[in-house]
Amino acid sequence: QLRLVESGGGLVQPGGSLRLSCAASVGTLDTYAIGWFRQAPGREREGVACISSSVGGSTNYADSAKGRFTISRDNAQNTAYLHMNGLKPEDTAVYYCAATAWYCSDYVSAYAYWGQGTQVTVSS
């Protein structure tokens, strides 16, 4: 079993930055790929970024995130991160981290473990 806890969300002005954290309070992240997803009101949950397990460590980004967001992990801290720069109002959403075995997946259903979400609001 794995229990994930997100933190780091909040209110930020357009163009600002935030760093979201995804910590495993139960279990270890080492063998899991970690994905970041977001869901805005009235929209489906969408993938933002993903990083594969420590075996590979490759990353994937949604087109909307490329060049602005960076996903990383620190297995020693049992934590994954999403660094968000150049935030836009359309980035406003609840952000979730999730875990799937070994490698990233395009399918939400592949992620068996989810955090509770953290709100990111981009507004002036």
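As a starting point, this report considers the structure included with it. Every value quoted in this text rests on a predicted model; they were computed, and no experiment measured them. (Residues numbered from 1 in each chain as written. Predicted model: local features only at pLDDT ≥ 70, side-chain atom pairs only at ≥ 80, totals over all residues. Heavy atoms only, no water.)

### A closer look at the pattern of salt bridges
And then number 1: According to the stated counting rule, one finds four salt bridges in the structure shown.
And then number 2: Salt bridges sharing partners connect three or more residues here, namely Arg38, Glu46, Arg68 and Asp91. (Salt bridge = Lys/Arg side-chain N within 4 Å of Asp/Glu carboxyl O.)

### As for the state of the cysteines
One way to say it: the disulfide is the covalent bond shared by the sulfur atoms of two cysteines.
And then number 1: According to the stated counting rule, one finds two disulfides in the structure shown.
And then number 2: There is a disulfide in this structure between Cys22 and Cys97, and the S-S distance comes to 2.0 Å. The chirality of the disulfide connecting Cys22 with Cys97 is right-handed, given an S-S dihedral of about 70°. Pair noted here: Cys22 is in strand S3 (residues 18-26) and Cys97 is in strand S9 (residues 93-101), with a separation of 75 residues, a long-range link.
And then number 3: Relative accessible area serves as the criterion here: at 0%, Cys97 is assigned to the buried category.
And then number 4: One disulfide bridge connects Cys50 with Cys104, the sulfur atoms lying 2.1 Å from each other. Measuring handedness by torsion sign, the sulfur bridge of Cys50 and Cys104 sits at about -100° and is left-handed. Placement of the pair is Cys50 in strand S5 (residues 46-51) and Cys104 in the loop between S9 and strand S10 (113-114), with a sequence separation of 54 residues.
And then number 5: Sequence-ordered numbering of the disulfide-bonded cysteines in the chain gives the connectivity 1-3, 2-4. (Disulfide = S-S within 2.5 Å. Helix = DSSP H or I, 4+ residues; strand = E, 2+ residues; numbered from the N terminus. Buried < 20%, exposed > 50% of the residue type's maximum accessible area, 1.4 Å probe, protein only.)

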